[in-house]
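The residues making up each chain are set out below.
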Amino acid sequence: MPKEEKPKEKTKKTKPSDSEEKPKKTPSKKKKEKSEEMKLSDLPGVGPAAIEKLEAAGIFDLMGVAVLGPKELGETAGLGEAVARKAIQAARSMMDLGFQDGLEFAEKREEIFYITTGSKEFDTLLGGRGIETKAITEAFGSFGSGKTQLGLSLAVNAQLPIENGGAEGKSVYIDTEGTFRPDRVKQIAEAKGANPENVLKNILVARAFNSDHQILLIDKVGELIKNGEPIRVVIIDSLTAHFRAEFSGRGQLADRQQKLNKYLHNLMKMAEQFNLAVYVTNQVMANPAMMFGDPTTAIGGHIVGHASTFRIYIRRGKKGSRVAKLIDSPNLPDNECVFYVTDKGVCDDE
Ligand code: GTP
Ligand code: MG
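Note that the structure is a prediction, hence the values are computed from the model and not measured.

A. Inspection of the overall build of the protein chain at higher detail. Assigned secondary structure in the protein chain consists of 17 helices and eleven strands. The buried share among the 350 residues of the protein chain stands at 37%. Residue pairs in contact within the protein chain that sit at least 24 positions apart in sequence constitute 66% of those at least 6 positions apart.

Here it is in C-alpha cells:
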C-alpha cells in the first residue's frame, strides 16, 4: 500500500536540498524506488505497444495488472501467455497485496489531514473538519456560485496550524482560467490573522494553458514534493474547462471522457501517495433542476462523479448566501448547508 514520505526518504540517499537543483531521474534510480513509484513500463516484457493497449482498456497501474489472470492480460495487452504470467507475478511481488489489521487501518486514517473551508456549517457537511487528504473534493455549480472563492480560501486555510483547521502545509493552485487573484488571497489571509505575504509565498501557482499542460503539471507537483515542499492541497480551477473547449465536437465525447478519466485516476493516485487533498471545480449549466434530471450536464458526467470522493453542488441562496449540497458521498448523508463568501473568504456569517 502506498505510504507517503517515509519510504521515499529511506531510498533517497541525497538530502532534499541537494536534489532541489537537479532532480535526478535516471532510469536505474527510478527502479530502486518503492512500489508506489513503479509503472507499467517497469514490468518485464511490457513495452509501449502493450501499455497503450492496457491504457485503452482502462488499466493504468500495477494493481490493474496484478488482479488479472495471464490469459486476460495476454489478450488485453497483446502478449503471449508466458510473458503475461511473468508480468503478473512481477506486479504482485512489487505490490503489497496483503491485509492490514484494524489497528494499522486506523493508524492510516490518523495520517489524514483536514483543511477547514472557513465555515463550520460547511465543514460539518463534509464530516466535521473540512476537506480531507487522500481524497478528491469536487465543487460544481454555475458561474459566480463560489467555486473559485472556496478554492482560494482552501489555499490559505491549508497553511493554518492544525488546531485552527489547517494542515500546516503549502498549496498548489493550478489555474486554467486566469482567475487566481493574489490580492484576494492576501485579503483572506489578513482576515485570518496570517501574514499575507507569507501566505502568498506558500501558494505555488501555475497557469495551465491547455488540457495537456494541465495534465503535465501533476508530474510537476510530484517533483515539488520530492524536493521537500510540504504540499497538502492541490487546487485545480477549473478541472474541466480546457477539456470542454478542446473536445467540443459531437464525436469527441468518448475521447474527452477517456482523457479525463485517466487524469482523475492520476489525481487520486497523487492524493493517496502524497497524503494531500485535491480540490477541483467544475462549471455546470445554471438550471439545477435540469442538472439533476440529466447528470451528464456536469462536464465529465459520471466519470468525474466516480473518482471524486466528495461532490458538492454549490448555488446562490437567499440574501447573498450560498448553499452547498453534498451529493452521493459513500459515508455521509446527502445534506445541505448555508454559507457566505465575504472579505474573510468562505465563512458562516455575512
Ligand atoms: P465561475 O468560475 O465563473 O464558474 O464561478 P465561480 O463559482 O468560481 O465563482 P466565484 O468563486 O468566482 O464567486 C464569485 C462571487 O464571489 C462574486 O459574485 C462575489 O459574490 C464573491 N466574491 C468574490 N470576490 C469577493 C471579495 O473580494 N469579497 C466579497 N465579499 N465577495 C467576493
Ligand atoms: Mg471560478
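Don't stop here, the text continues.
B. Quick peek at the sheet that holds strand β10 (residues 336–342). Here nine strands make up an open sheet; going across it, the order is β5-β4-β6-β7-β3-β8-β9-β10-β11 and the pairing mixed. Single-partner strands in this sheet number two, and they are β5 (203–207) and β11 (345–347). This sheet shows a mean twist of 25 degrees between the axes of neighbouring strands, independent of strand direction. Of the strand pairs in this sheet, β10 and β11 are connected by three bridges, and their pairing is antiparallel. In the sheet register, Thr342 faces β11, and the bridge partner there is Gly345. Each of β4 (170–175), β5 and β6 (231–237) touches helix α13 (residues 211–226); the most contacted strand, β6, lies at about 170 degrees to it. Sheet strands touched by helix α15 (residues 253–274): β3 (135–141) and β7 (277–283). Its angle to β3, the strand with the most contacts, is close to 130 degrees.

C. Spatial organisation of the site of ligand 1. Around ligand 1, the surrounding shell holds 14 residues, and the nearest of these are Phe143, Ser145, Lys147, Thr148 and Gln149. At the level of secondary structure, the elements contributing two or more residues to the shell around ligand 1 comprise α10 (147–157) and β10. Among the elements that take part in the shell around ligand 1, α10 stands out by supplying three residues, more than any other.

D. Seen up close, helix α6 (residues 70–77). Burial in α6 covers these residues: Leu73, Gly74 and Ala77. One face of α6 carries all of its buried residues, which in axial projection span an arc of 100 degrees. Looking one or two residues beyond α6, the residue adopting positive phi is Gly78, at roughly 70 degrees.

E. Molecular detail of the nonpolar core. Counting residues in each nonpolar core, the largest one holds 61 residues, and the members touching the most others are Ile115, Leu154, Ala155, Val233, Val234, Ile235 and Val278. Those residues in contact with Ile115 that lie beyond four places of it in its chain are Gly130, Ile131, Leu154, Asn157, Ala158, Gly166, Ala167, Arg232, Val233 and Ala277. Within the second largest apolar cluster, 15 residues are counted, among which are Leu40, Leu54, Leu73 and Ala91.

Calculation criteria
- Residues numbered from 1 in each chain as written.
- Chains lettered and ligands numbered in written order.
- Predicted model: local features only at pLDDT ≥ 70, side-chain atom pairs only at ≥ 80, totals over all residues.
- Helix = DSSP H or I, 4+ residues; strand = E, 2+ residues; numbered from the N terminus.
- Buried ≥ 20, exposed ≤ 12 C-beta atoms within 10 Å, placed from the backbone.
- Contact = placed C-beta atoms within 7 Å.
- Pairing = 2+ DSSP bridges.
- Axes fitted to C-alpha atoms, helices over the stretch in contact; angles between N-to-C directions.
- Near = placed C-beta within 6 Å.
- Arc of directions from axis to C-beta.
- Core = buried A, V, L, I, M, F, W, Y, C linked by C-beta atoms within 7 Å.

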